[in-house]
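Structure at a glance
The residues making up each chain are set out below.
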Amino acid sequence: RGMSGSPRWSPDGKTIAFDSTIAGNLDIYVIGAQGGHPMRVTKNPANEFIPSWSRDGRWIYFTSSRSGHNEIWKIRPDGGSETQVTTESAYAAVESTDGKYLYYKRRTGGSSPLEAAEVWKIPVGGGPAAKVLDPVGGRLFTVTQNGIYFAAGGPSVELRYLDFATGSVRAIAPLGNFAHADVSADERWVLYPQAGSAGRNLMLVENFR
């Protein structure tokens, strides 16, 4: 059956996009939120992973290795109209809440692992890219109306927050050894993994701020 992960809800809550090795290489799939048979969206022989939705639900962004290195592409949920978005080794894209900017992770060299990379942004309609954050950890970061939640630090990782208005970054909560965290849209909940004697568990914390 392969391995599946990186699930993302569509803006209307009716569909889930995810990546899976069901067909061999990693590809992007969609499935109804109530279940059913998943539909394969990407069919290129390259690995395609980490999907996310545009705010209007008309596009799915994803990371693809089809050019020889990771770049952001976008595709219609029905599998049509594939378009390359970035050209500078990017992955893990997320649109801003107003749909005007695309935030993504970008490696700029060095020996850091894939997940440790700078956060950049580009206008959705096209234009120059701008650096937003120094290297942060994990695949996941959360873009809200007023800022970005992300994981950084080491060896003990923290959930941190970049305030768009002031440009300041502050620590929110400790995450332990894992640089993977996602914050709910209402900013009330944070979801992150934690290792214990029984293995790895998902932790859900309310009112973490």
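Structural notes on the side chain of Asp163
Within the element layout of this structure, Asp163 appears in strand β14 (residues 157–163). Polar contacts involving the side chain of Asp163 include one to the main-chain amide nitrogen of Thr166, which spans 3.3 Å. Look past the residues within four positions of Asp163 in its chain and what remains in contact with it is Asn146 and Ser168.

Here's the deal with the pairing of strand β2 (residues 15–20)
For β2, a buried count of five out of six residues is recorded, marking the element as mostly surrounded by other parts of the structure. As judged from the four bridges shared by strand β1 (residues 4–9) and β2, these two strands associate in the antiparallel manner. Within β2, the position partnered with Arg8 by the bridge is Ala17. Two successive antiparallel strands, β2 and strand β3 (residues 27–32), enclose a turn made up of six residues, where Gly24 displays a positive phi of approximately 120°.

Structural notes on the sheet that holds strand β6 (residues 60–64)
A sheet is described by the order of its strands in space; here four strands give the open sequence β5-β6-β7-β8, paired in antiparallel fashion. With partners counted over all chains shown, the strands left at the sheet margins are β5 (48–53) and β8 (83–84), one partner each.

Side note on the pairing of β3
β3 sits mainly inside the fold: five of its six residues count as buried. Where β2 lies against β3, six bridges are found, and the strand directions are antiparallel. Bridge assignment links Thr15 to a residue of β3, and that residue is Gly32. The pairing of β3 with strand β4 (residues 39–40) spans two bridges and is antiparallel. Along β4, the bridge assignment pairs Tyr29 with Arg40.

What to know about the environment of Arg58
One can find Arg58 in the loop between β5 and β6. On the basis of relative accessibility, which here comes to 48%, the residue Arg58 falls in the partly exposed class. Apart from residues no more than four positions distant in its own chain, Arg58 is found in contact with Ile75, Arg76 and Pro77.

Rules behind the numbers
Residues numbered from 1 in each chain as written. Predicted model: local features only at pLDDT ≥ 70, side-chain atom pairs only at ≥ 80, totals over all residues. Heavy atoms only, no water. Helix = DSSP H or I, 4+ residues; strand = E, 2+ residues; numbered from the N terminus. Polar contact = N/O pair within 3.5 Å; in protein donor to acceptor, adjacent residues only side chain to side chain. Contact = heavy atoms within 4.5 Å. Buried < 20%, exposed > 50% of the residue type's maximum accessible area, 1.4 Å probe, protein only. Pairing = 2+ DSSP bridges.

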